[in-house]
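# A structural walkthrough
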Amino acid sequence: MSKSFERYQKRKLISSYFSVVLSIALVLFLLGILGLLVINTKKMADHFKEQITVSVFLKDEAKQVEIDQLQKSLAMADYTKLATFVSKEEAAEKHTEAIGENFMDFLGYNPLKNSIDVQLKADFVSPEQIEEIASNIEAKDYVEEVSYDKPLISLLNDNVKKISLWILVASGVFAFIAFLLINSSIRLSVYSKRFIIKTMQMVGATKRFIRRPFLWTNIKLGMLGALIAIIGLVIAIYYINDFFPELTLLKEPLILGGVFAAVFVLGVLISFISTFLATQRFLNLRTDDLYY
């Protein structure tokens with residue numbers, strides 16, 4: 001009978017530890033994913049900004065020397081990521097592929113212009129800066145027009161600001177929820193041993209002596225949960241890198257190491273604080289209150 005009871009107690013203890021580790025691992029994993037999202041928000045925003053193209057259309061009488069000089073000056077400008085010359089013939093071929101028929105057969109000539117497509121660096125993609133850049137380029141005699149999608153740029157900048165704000169708010173809320181979930185799991189684990197705590201206290205054990213094994217046990221559980229969360233993050237990062245290679249997650253080991261270290265420290269820290277508060281509560285309770 002006693003052996004059966006001992007096996008039952010061991011299974012119950014293992015089940016309790018497993019639930020604590022699983023709770024910590026899941027919460028820290030989600031917190032780590034959110035942390036990566038926060039860190040890479042600017043990178044993602046920059047990626048979309050740098051897809052915007054500013055097209056510089058050239059006059060037909062523009063000399064090849066002037067075109068080459070303009071392309072080189074644009075390529076060397078601080079605001080330029082890439083400057084590509086597109087001849088009117090290349091533009092016609094792309095347009096034909098897009099619409100599925102040769103429009104020059106109807107018109108009898110090519111109405112398109114030679115152009116230079118400029119992709120700007122993300123830091124310069126704002127309505128004010130692009131307007132200034134476009135004005136400087138249009139001032140040249142051989143430039144016909146500078147064209148870009150003004151509404152898209154304004155919308156992109158507004159959305160980036162809103163998304164960044166909401167991600168920060170979500171991070172704060174989720175960090176608080178993570179603490180509550182881990183704290184609840186550990187409190188339940190300590191609650192099941194409240195009578196042991198009170199018995200030890202009644203026979204003269206100090207609070208520090210009683211608290212020490214609980215702290216050490218739950219810190220180890222927190223470390224184990226954090227390690228499981230880090231393994232999950234490594235797997236998730238490899239999958240994310242396959243789908244979004246432009247984020248270059250694997251090329252920034254310092255950032256990844258910082259996230260992993262933060263997850264590990266959080267697992268230990270939250271486990272320590274939660275265990276300390278839970279044991280302190282039961283240590284301060286009267287014996288009669290243990291039944292409620």
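Residues numbered from 1 in each chain as written. Predicted model: local features only at pLDDT ≥ 70, side-chain atom pairs only at ≥ 80, totals over all residues. Heavy atoms only, no water.

### Overview of the overall build of the chain
Going by this rule: Each helix is a run of H or I in the DSSP string that is no shorter than four residues. Each strand is a run of E no shorter than two, and both are numbered from the N terminus. Under the scheme applied here, a residue whose accessible area is under 20% of the maximum for its type counts as buried, over 50% as exposed, and between as partly exposed, the area being computed with a 1.4 Å probe on protein chains only. Working rule for contacts: check all heavy atoms of both residues, and any pair within 4.5 Å makes them a contact.
In terms of regular secondary structure, the chain is built from nine helices and four strands. Starting at the N terminus, the α and β elements of the chain follow one another as α-β-α-β-α-α-β-α-β-α-α-α-α. In the chain, which comprises 292 residues, the proportion classed as buried is 36%. When contacts within the chain are restricted to residue pairs at least 6 apart in sequence, long-range pairs at least 24 apart make up 80% of them.

### Observations concerning the environment of Ile130
You can see Ile130 is positioned in helix H5 (residues 127–138). Between the C-alpha atoms of Ile130 and Ile153, which are 23 residues apart in sequence, the distance is 9.2 Å. Every residue in contact with Ile130, bar those within four places of it in the chain, is listed here: Val54, Leu120, Phe124, Val125, Tyr148 and Ile153.

### Some words on the nonpolar core
Note the cut-off: We call a set of buried residues a nonpolar core when its members are Ala, Val, Leu, Ile, Met, Phe, Trp, Tyr or Cys and they connect through side-chain atoms within 4.5 Å of each other.
Ranked by size, the top nonpolar core spans 30 residues in total, and within it Leu28, Ile182, Val190, Ile197 and Val263 carry the most contacts. Within the second largest apolar cluster, 27 residues are counted, among which are Ile52, Ile116, Tyr148 and Leu156.

### Notes on the confidence of the model for the chain
Definition in use: For every residue, the predictor reports its confidence as pLDDT, a number between 0 and 100.
Chain-level pLDDT for the chain is 79 on average; 86% of the residues reach the 70-or-more range. Within the chain, helix H4 (residues 104–107) has the poorest average pLDDT of any element, 63, and strand E3 (residues 115–120) the best, 88.

### Re a negative patch on the surface
So the rule is basically this: Patch building starts from residues that exceed 30% relative accessible area and form no salt bridge, then joins like charges within 9 Å and nonpolar side chains (Val, Leu, Ile, Met, Phe, Trp, Tyr) within 5 Å. Residue-level accessible areas treat just the shown protein chains as cover; the underlying method is Shrake-Rupley with a 1.4 Å probe. When a carboxyl oxygen of Asp or Glu lies within 4 Å of a side-chain nitrogen of Lys or Arg, that pair is called a salt bridge. Only four residue types enter the tally: Lys and Arg on the positive side, Asp and Glu on the negative side, with His and both chain ends excluded. Note on charges: their place is set at NZ of Lys, CZ of Arg, CG of Asp or CD of Glu.
Together, Glu61, Glu138, Glu144 and Glu145 line one region of the surface with negative charge. Assignment of secondary structure puts Glu61 in the loop between strand E1 (53–58) and helix H2 (64–76).

### Some thoughts on the sheet that holds E3
Stated formally: Strand pairing is assigned whenever DSSP identifies at least 2 bridges connecting the two strands. Angles here are taken between N-to-C directions and fall from 0 to 180 degrees, while the axes themselves are lines fitted to C-alpha atoms, restricted in helices to the stretch in contact.
One open sheet accounts for four strands, arranged E2-E3-E1-E4; its pairing is antiparallel. Two strands lie at the open edges of the sheet, namely strand E2 (80–86) and strand E4 (143–147), each paired on one side alone. With strand direction ignored, the average angle separating the axes of adjacent strands in the sheet is 20°. Of the strand pairs in this sheet, E1 and E4 are connected by four bridges, and their pairing is antiparallel. In the sheet register, Ser55 faces E4, and the bridge partner there is Ser147. Along the sheet, H2 contacts E1, E2, E3 and E4; its crossing angle with E2, the most-contacted strand, is approximately 160°. Docked against the sheet, H5 engages E1, E3 and E4, running at close to 170° with respect to E4.

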